[in-house]
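# Notes for the structure review
If you want the building blocks of each chain, they are given just below.
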Amino acid sequence: MRQRLLFFDIDGTLLDDEEKVVPESAINALQQVRKNGHLTFICTGRCKNIWPKEILEIGFDGVVGGCGTNIFYHDEELLHVTLPPDLQREIADDLTRWHIDGVLEGKVKTYFRRDYWMPVVKSIFKENGMFSELCQNCWEDEGIPEFDKMALWFDESSNMAAFKEKYEDRFTFILRDPTFYEVVPKEYSKATGIAFLCDKLSVSREDTVGFGDSTNDLPMLEYTGVSVAMGSGNPDIFPVVDYVTAPVMEDGIEQALKKYRLI
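What the 8 strands build is an open sheet, ordered 5-4-3-2-1-11-12-13; its pairing is mixed. Single-partner strands in this sheet number two, and they are strand 5 (76-80) and strand 13 (243-244). Relative to strand 11 (residues 208-212), strand 1 (residues 5-8) runs parallel, the two being bridged by 4 bridges. Paired with leucine 5 across the bridge in strand 11 is threonine 208.

Right under this line is the structure:
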């Protein structure tokens, strides 16, 4: 059996969006696929300081984090790309000026604005204990915020158009829903992270498998040799993939791994 590299998004793929758990069937399947000689990787938009401990403890061979800006293999950091300090400060000031809410995501810290107001951002900060414990940082404080990418929410009080016009030559703006952009440096994506590992490990693109559920997974799903969408995911990605598996809580990971005879 040829060795495959398997890449799994976290939110909505491994971790169910509603139940906030990884089903037992997925945990068992992920452990079995490694026993069968394949390598498994988390492939997430999340930066390192907000990788969920319970996901890491399942056991993976590495992580493509921050949409390709931070890559680990067997706990060795192979790549970390952050933004220039002057650009970080300029972005933070523009977000405040144009009244845009969100999260500035870094390897060590995550930053919120002082007067965060969008419901999703409030939920992230107040209701998720991991975020509230690790992310008590304000991007308006003195000094340079240290971040690699952004998750930005906005409403009618925001001037997102001005921000996007200023920065769209340097960043990819991924529209996740009508009031939410994930913003990543132009040269990086989940696909570039996978390509980096393929080159590092001398594995062909055809021997990669990607699992995702959202529009920020499209670069990964369009790149991997086999692409799988979760049935509980965004239907917009279904036409792009090779296979739409069952929803997360209906054993979708296990079903797809069995279909491709990886377990």
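Here we take up the packing of aromatic side chains. For the coordinates displayed, the defined rule picks out 12 aromatic pairs. Look at phenylalanine 154 and tyrosine 181: their rings are 5.6 Å apart centre to centre, the planes differ by 20°, and that puts the pair in the stacked class. Of this pair, phenylalanine 154 sits in the loop between strand 8 (149-153) and helix 6 (160-167) while tyrosine 181 sits in strand 10 (residues 180-185), and the two are 27 residues apart along the sequence. Like phenylalanine 154, the residue tyrosine 181 is buried in the burial classification. When the centroid spacing of 5.6 Å and the interplanar angle of 90° are considered together, the rings of phenylalanine 173 and tyrosine 181 count as edge-to-face. Looking at phenylalanine 173, the relative accessible area reads 14%, which means it is buried.

Of the residues making up helix 9 (residues 252-259), those classed as buried are Gly252, Ile253, Ala256 and Leu257. Burial along helix 9 is one-sided: seen end-on, the buried residues are contained in an arc of 130°. Those residues of helix 9 that are buried are in contact with strand 1, helix 1 (24-35), strand 11, strand 12 (226-229) and strand 13.

All right, on to unusual backbone geometry then. Phi angles above zero are rare outside glycine, and histidine 99 is one such case at about 50°. Note that histidine 99 resides in the loop between helix 3 (85-97) and strand 6 (101-105). Given the relative accessible area of 25%, histidine 99 is considered partly exposed. Despite not being glycine, serine 202 shows a phi value in the positive range, around 55°.

Moving on: the sheet that holds strand 9 (residues 171-177). Spatial ordering of the open sheet is given by 7-6-8-10-9, a layout of 5 strands whose pairing is antiparallel. At either end of the open sheet lies a strand with only one pairing partner, and these are strand 7 (110-111) and strand 9. Relative to strand 7, strand 6 is paired through 2 bridges, and the arrangement is antiparallel. Within strand 7, the residue paired with leucine 104 across the bridge is tyrosine 111. Helix 6 contacts strand 8, strand 9 and strand 10 of the sheet and is inclined by roughly 145° relative to strand 9.

Before going further, it helps to spend a moment on the pattern of salt bridges. Applying the stated criterion across every chain yields a total of 21 salt bridges. Linking arginine 114 and aspartate 141 is a salt bridge whose minimum nitrogen-to-oxygen distance equals 2.7 Å. Remark: aspartate 141 occurs in the loop between helix 5 (129-134) and strand 8 and arginine 114 occurs in the loop between strand 7 and helix 4 (119-127); sequence separation between them is 27 residues. According to the relative accessible area criterion, aspartate 141 is partly exposed, its value standing at 37%. For aspartate 169, the salt bridge is made with arginine 170, and the minimal N-O distance between the two is 3.8 Å. Classification of aspartate 169 as exposed rests on a relative accessible area of 57%. Overlapping salt bridges bring together Glu90, Asp94, Arg97 and Lys166 as one network.

Scoring rules and cut-offs
Residues numbered from 1 in each chain as written. Predicted model: local features only at pLDDT ≥ 70, side-chain atom pairs only at ≥ 80, totals over all residues. Heavy atoms only, no water. Pairing = 2+ DSSP bridges. Helix = DSSP H or I, 4+ residues; strand = E, 2+ residues; numbered from the N terminus. Phe/Tyr/Trp six-rings, centres within 6.5 Å; stacked < 30°, edge-to-face > 60°. Buried < 20%, exposed > 50% of the residue type's maximum accessible area, 1.4 Å probe, protein only. Arc of directions from axis to C-beta. Contact = heavy atoms within 4.5 Å. Axes fitted to C-alpha atoms, helices over the stretch in contact; angles between N-to-C directions. Salt bridge = Lys/Arg side-chain N within 4 Å of Asp/Glu carboxyl O.

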